[in-house]
Amino acid sequence: MKRTFLIAGGDLRFAALADVLAEENRVYAVGFDRNVSMSDKVKTADSVSAIDTRVDCLILPLPASADGITVSTPFSGRSISLESLSHTLKETGVVLGGLVSPEVKKFFTDKNIVVADYAKREEFAVLNAVATAEGAVQVAMEELATTISGRKILILGAGRIAKVLIDVLSGFHAKITVAARKCCDLAWARVYGCESCPMDKIDGILGDFDIIFNTVPAVILDESRLKKISKSCLVIDLASKPGGVDFDTAGSLGVRTVWLLSLPGKVAPITSGMVIADTVNNILEERGECRG
């Protein structure tokens, strides 16, 4: 059966999400009034009050809200409040958001509205890691005056993004070292054909690399470690806030750094929108609701 969705705010991933869902559902979108192209099947609205029906599912951006009051609307000059959005749902409607803060979750649950976080789903995280890793390599190629092939690369962390990075960089014949805390992660790095180093032992090798990719959301590269990095090295931080680099110190030391936040939405918004669509459908199916 067809469902009615409202997509409120977000970056270009969510414009692509609207197009995908509109193939088989009724879709409204608000918060995209700055030259964002969408399918004719998507009903765009200038404001929440202009939406003429109640919806089955409200989809919020990633993160759902930065201030706990409004949603992110980078392609609109107007703010959209969570309060106004809460009135658009049917009695049985659900809210699906990305990185939903406890504050935002409480706001809706206090109104007896079910909330689920699509960004916490494993299928979302795995597929999102592909866009992040490919985008990171793209940025590295743009920033460097050399090939990736033959470069000595350090990857800090051994999670999903790191694993995809290893796969992508191996295709370029890069010389990869992985630093991680857990012995099992170091073992897997060796299975993948990489050198490995315990995270607490990286100080002695930091000066050996052409590129360092950080995937750990904690400050790994502090002042003492930044001083050991070659001035010709490019440091790319893929971690969410607070990131893994002391950026102020890196700037004063002349260490070239790039912090790539929300990378999937910038380098692969269509694919990323499809990933969110699949995850949304999976959540609804598991709730006993049919795919549109």
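Our subject is the structure listed above.
Predicted, not measured: the structure shown is a model, and the values here were computed from it.

Peer 1: Got a minute to help me understand the sheet that holds strand β1 (residues 4–8) in this structure?
Peer 2: In a beta sheet, neighbouring strands pair by backbone hydrogen bonds and run either parallel or antiparallel. Taken in spatial order, the six strands make up an open sheet running β3-β2-β1-β4-β7-β8, and their pairing is parallel. Two strands lie at the open edges of the sheet, namely β3 (42–45) and β8 (114–117), each paired on one side alone. Pairwise comparison of adjacent strand axes, ignoring direction, gives a mean angle of 20 degrees for this sheet. Where strand β7 (residues 89–97) lies against β8, four bridges are found, and the strand directions are parallel. Note that in β8 the partner of Val95 across the bridge is Val115. Across the sheet, helix α1 (residues 12–22) is in contact with β1, β2 (26–30), β3 and β4 (55–59); its angle to β1 comes to roughly 170 degrees.

Peer 1: I keep staring at unusual backbone geometry and nothing clicks. Help me out?
Peer 2: Both trends apply: most residues other than glycine have a negative phi, and most peptide bonds are in trans. A cis amide bond links Leu62 to the next residue, Pro63, at an omega of -5 degrees. Along the polypeptide, Pro63 turns up in the loop between β4 and β5 (70–71). The amide bond that connects Lys241 to the next residue, Pro242, takes the cis arrangement and shows omega of 10 degrees. Mapping Pro242 onto the fold places it in the loop between β13 (234–237) and α8 (247–253). Located in the positive-phi region is Leu99, a residue other than glycine, with phi close to 50 degrees. By the element assignment, Leu99 lies in the loop between β7 and α3 (102–109).

Peer 1: I'm lost on the pattern of salt bridges in this one. Help?
Peer 2: Between side chains of opposite charge, a pair can form when the charged atoms approach closely. The full count for this structure, using the stated rule, is 12 salt bridges. Across the pair Glu286 and Arg121 runs a salt bridge whose closest N-O atoms are separated by 2.8 Å. Of the two residues, Glu286 is situated in helix α10 (residues 269–286) and Arg121 in the loop between β8 and α4 (122–143); the sequence distance between them amounts to 165 residues. Residue class for Glu286 comes out exposed when judged on its relative accessible area of 58%. Across the pair Glu223 and Lys227 runs a salt bridge whose closest N-O atoms are separated by 3.4 Å.

Peer 1: How do you make sense of the side chain of Asp237 when you look at a structure like this?
Peer 2: Mapped onto the secondary structure, Asp237 falls in strand β13. Nearest to the buried, unbridged Asp237 among oppositely charged side chains is Lys241, at 12 Å. Within the local environment of Asp237, its side chain forms a polar contact with the backbone nitrogen of Gly244, the two atoms lying 2.7 Å apart. Not counting the four nearest positions on each side in its chain, Asp237 is found in contact with Asn214, Gly243, Gly244, Val245, Phe247, Val258, Trp259 and Leu260.

Peer 1: Can you walk me through α1 in this structure?
Peer 2: Since the α-helix advances by 3.6 residues per turn, residues separated by three or four positions end up pointing in the same direction. Counting buried residues along α1, eight of its 11 residues qualify, which places the element largely inside the surrounding structure. Residues Arg13, Phe14, Ala15, Ala16, Leu17, Ala18, Leu21 and Ala22 constitute the buried set of α1. On its buried face, α1 sits against β1, β2, β3, β4, α9 (263–267) and α10.

Rules behind the numbers
Starting from 1, residues in each chain are numbered consecutively following that chain's sequence as written. In view of the model being predicted, local features appear only for residues whose pLDDT reaches at least 70, and side-chain atom pairs are presented and counted only at 80 or more, with totals across whole chains, interfaces and linings using the full set of residues. Side-chain metrics rest on all non-hydrogen atoms present in the structure, leaving aside hydrogens and water. Strand pairing is assigned whenever DSSP detects at least two bridges linking the two strands. Numbering of helices and strands runs from the N terminus; a helix is a DSSP stretch of H or I covering at least four residues, while a strand is a stretch of E covering at least two. Axes here refer to lines fitted to C-alpha atoms; in helices the fit is confined to the stretch in contact. Angles between the N-to-C directions go from 0 to 180 degrees. Note on contacts: a residue pair is in contact if any heavy atoms of the two residues lie within 4.5 Å. The term salt bridge refers to a side-chain nitrogen of Lys or Arg lying within 4 Å of a carboxyl oxygen of Asp or Glu. Using a 1.4 Å probe on the protein chains alone, a residue whose accessible area is under 20% of its type maximum counts as buried, one over 50% counts as exposed, and one in between counts as partly exposed. When charges are counted, neither His nor the chain ends are considered; positive counts come from Lys and Arg and negative counts from Asp and Glu. Throughout this description, a polar contact denotes any pair of N or O atoms lying within 3.5 Å of each other; where both atoms belong to protein, one of them has to be capable of donating a hydrogen while the other can accept it, and for residues adjacent in sequence the pair is counted only when both atoms sit in side chains.

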